[in-house]
Amino acid sequence: MEFGGIQTWLVDLARMAKDSDVQIDIITYADWDMPLADEARKLGCKIFVCPNHHNPLALFKKLNEINRESGPYIALHAHSLYYNGLVLLCAKLLGIPARISLSHNSALGQHESVIRRIYNLSMRVLIHLVATHLLAVSAPAGRKLYGKLWGKDRRSGLLYCGINFDRFAPQKQSDPSFRAELGIPQSAKVVGHVGRFLYQKNHTFLVESMAEAMRKKEDLWLLLVGDGILRLEIEEQAKALGISNRTVFAGIRSDIPKILVNCVDLFVMPSHFEGLPLVLLEAQGAGNKILVSDNVTKEVDVLPELIERLSLSETPQLWADTVISLVEKAPPISRAEAYEKMVKSHFSIQESFRAARAVWMSKATLANN
């Protein structure tokens, strides 16, 4: 329950559920308290911890205890990629009617060992055997977890993770003095990125490209929000390239809407892979111009007029020139227009809750079990 796209979505679903006929509880594998856990509790969620989840017997014992004491649950919604197989097997043995697997990513990482490939294949087979729903946030994410035939199975479907766009209303978030809190000059042109410091997000390429751009444009700044195992390495890279004096490492923040509305002139995401990055929906809700790699699924392009795509096979120099060109252009639509369009999109939290509730309460699923 740290700050992240999926975690925020779950809390927003809980907020929607508070005044409905649905009770949402959350099982986490982390044995320490996380920032969003208290918020979820205030909304009526119970937070259960299963720290020894890699032990299948311990996992089953814990889920059995939770279901016996706080259930019986009508649905278990799993977000652990291939590990969904074991989680949903436990759910089936416990008699939970709706067993939902949700895939969030279109790839895993740089390399998969032989053992990892065998594990993934085994879990994929298990997911197909025990899941009642094979859902994904995008088609590439669905094919990655469930195989190339995903979409032909009657259990297949898309479930978009919705955003509470009310947080991005310009009148709520506009604060001309906010840049000063991050040490950024008011006159600067700011390229922003929000994401964990992992291989997936490709910070190394981002910083290399920005170094090229910042040499050519002296009022250009880089704002990096997030944390992760590669953060120190990227900080050292920024120092070595001579851009650390105009690069802000903001760490983990709970005020992303305020940052996107007040600080970011161009949002850049050169990811190696993504399922459906919620932060790009947020950036559109804030009316940001956006530059992304063509590895990012196009299903996220709700406002295509704001979005430019480049291949990672292109040089950092071309990315740098594109960054400069985009930050100097006026936005094609206003922040207010972008906000209004995103509120009405199928990525709103209201639509997401409606779709998720329909899955959890599926009469067909209950009838088949």
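What counts, and at which threshold
- Residues numbered from 1 in each chain as written.
- Predicted model: local features only at pLDDT ≥ 70, side-chain atom pairs only at ≥ 80, totals over all residues.
- Heavy atoms only, no water.
- Buried < 20%, exposed > 50% of the residue type's maximum accessible area, 1.4 Å probe, protein only.
- Helix = DSSP H or I, 4+ residues; strand = E, 2+ residues; numbered from the N terminus.
- Pairing = 2+ DSSP bridges.
- Right-handed = clockwise from strand over helix to strand, strands pointing away.
- Disulfide = S-S within 2.5 Å.
- Axes fitted to C-alpha atoms, helices over the stretch in contact; angles between N-to-C directions.
- Contact = heavy atoms within 4.5 Å.
- Parallel < 35°, antiparallel > 145°, perpendicular 65-115°, else oblique.
- Left-handed = near helix turned anticlockwise from the far one by under 90°.
- Phe/Tyr/Trp six-rings, centres within 6.5 Å; stacked < 30°, edge-to-face > 60°.
- Salt bridge = Lys/Arg side-chain N within 4 Å of Asp/Glu carboxyl O.
- Core = buried A, V, L, I, M, F, W, Y, C linked by side-chain atoms within 4.5 Å.

Undergrad: Sorry if this is basic, but what is going on with the pairing of strand β7 (residues 189-194) here?
TA: A regular strand places its side chains so that they alternate between the two faces of the sheet. Within β7, five of the six residues are buried, which leaves the element mostly enclosed by the surrounding structure. Pairing geometry for β7 and strand β8 (residues 220-225), over six bridges, is parallel. Note that in β8 the partner of Lys189 across the bridge is Leu220. Taking the sense of rotation as the criterion, the β-α-β connection linking β7, helix α9 (residues 203-216) and β8 turns out right-handed. Sheet analysis places β7 next to strand β10 (residues 266-269), joined by two bridges and oriented parallel.

Undergrad: How should the state of the cysteines be read in this particular structure?
TA: In a disulfide, the sulfur atoms of two cysteines are covalently bonded to one another. Evaluation of the coordinates by the stated rule reveals zero disulfides. The structure places no disulfide on Cys161, whose sulfur is separated from the nearest cysteine sulfur, that of Cys45, by 16 Å.

Undergrad: Looking at this structure, how should I read the sheet that holds strand β12 (residues 307-310)?
TA: Strands in a sheet are paired, the pairing made by backbone hydrogen bonds, and the direction either parallel or antiparallel. Strand order in the open sheet made by the six strands is β9-β8-β7-β10-β11-β12, with parallel pairing throughout. Only two strands of the sheet have a single partner each, and these edge strands are β9 (247-251) and β12. The mean angle between the axes of side-by-side strands here comes to 20 degrees, regardless of whether they run parallel or antiparallel. Here helix α12 (residues 278-285) sits on the sheet in contact with β7, β10, β11 (289-293) and β12, set at roughly 165 degrees to β10.

Undergrad: For this particular structure, what's the right way to read the packing of α9 against helix α13 (residues 316-328)?
TA: Axis angle and axis distance: for two packed helices, these are the angle between their axes and the distance between the axes, and together they describe the pair. For the pair α9 and α13, the least separation of the axes is 8 Å and the interaxial angle reads 60 degrees. Taken together, the axes of α9 and α13 lie oblique to each other. Helix-helix and strand crossings are classified by hand; for α9 and α13 the assignment is right-handed. Of α13, the residues touching α9 (which contributes Phe205, Glu208, Ser209, Met210, Glu212, Ala213 and Lys216) are Pro316, Gln317, Trp319, Ala320, Asp321, Val323 and Ile324.

Undergrad: How do you make sense of the packing of aromatic side chains when you look at a structure like this?
TA: Two aromatic rings are characterised by how far apart their centres lie and by the angle between their planes. Inspection of the entire model under this criterion finds six aromatic pairs. Between Phe353 and Trp360 the ring centres are 6.4 Å apart and the planes differ by 75 degrees, which places this aromatic pair in the edge-to-face class. One exposure class covers both Phe353 and Trp360, and it is buried.

Undergrad: Explain the pattern of salt bridges to me, please; I cannot follow it from the model alone.
TA: Throughout the structure, instances matching the rule amount to 21 salt bridges. For the salt bridge of Lys216 with Asp321, the shortest nitrogen-to-oxygen distance reads 2.7 Å. Here the residue Lys216 occupies a position in helix α9, and Asp321 occupies one in helix α13, the gap between them amounting to 105 residues. A relative accessible area of 36% means that Asp321 is categorised as partly exposed. For the salt bridge of Arg309 with Asp301, the shortest nitrogen-to-oxygen distance reads 2.8 Å. Sharing partners across several salt bridges, the network here consists of Asp12, Arg15, Glu39 and Arg167.

Undergrad: Before we go on, may I ask you to explain the sheet that holds strand β3 (residues 75-78) in this structure?
TA: The four strands are arranged β3-β4-β5-β6 in an open sheet whose pairing can be described as parallel. The open sheet is flanked by β3 and β6 (156-158), the only strands paired with a single partner. On average, each strand axis in the sheet is inclined to that of its neighbour by 25 degrees, with strand direction left out of account. The pairing of β3 with strand β4 (residues 98-103) spans four bridges and is classified as parallel. Each bridged residue has a counterpart across the sheet, and for Ala78 the counterpart in β4 is Ser101. Against the sheet, helix α15 (residues 349-360) engages β3, β4 and β5 (133-136), with an angle of about 140 degrees to β4.

Undergrad: Even after reading the chapter, I still don't get the nonpolar core, so can you show me in this structure?
TA: Across soluble globular proteins, nonpolar side chains have a tendency to be buried as a group. By size, the foremost hydrophobic cluster in this structure holds 99 residues, and its most contacted members are Trp9, Leu223, Phe267 and Leu281. With six residues, the single largest contributor to this core is helix α1 (residues 5-17). By size, the runner-up hydrophobic cluster in this structure holds 26 residues, among which are Val191, Leu266, Trp319 and Ile324.

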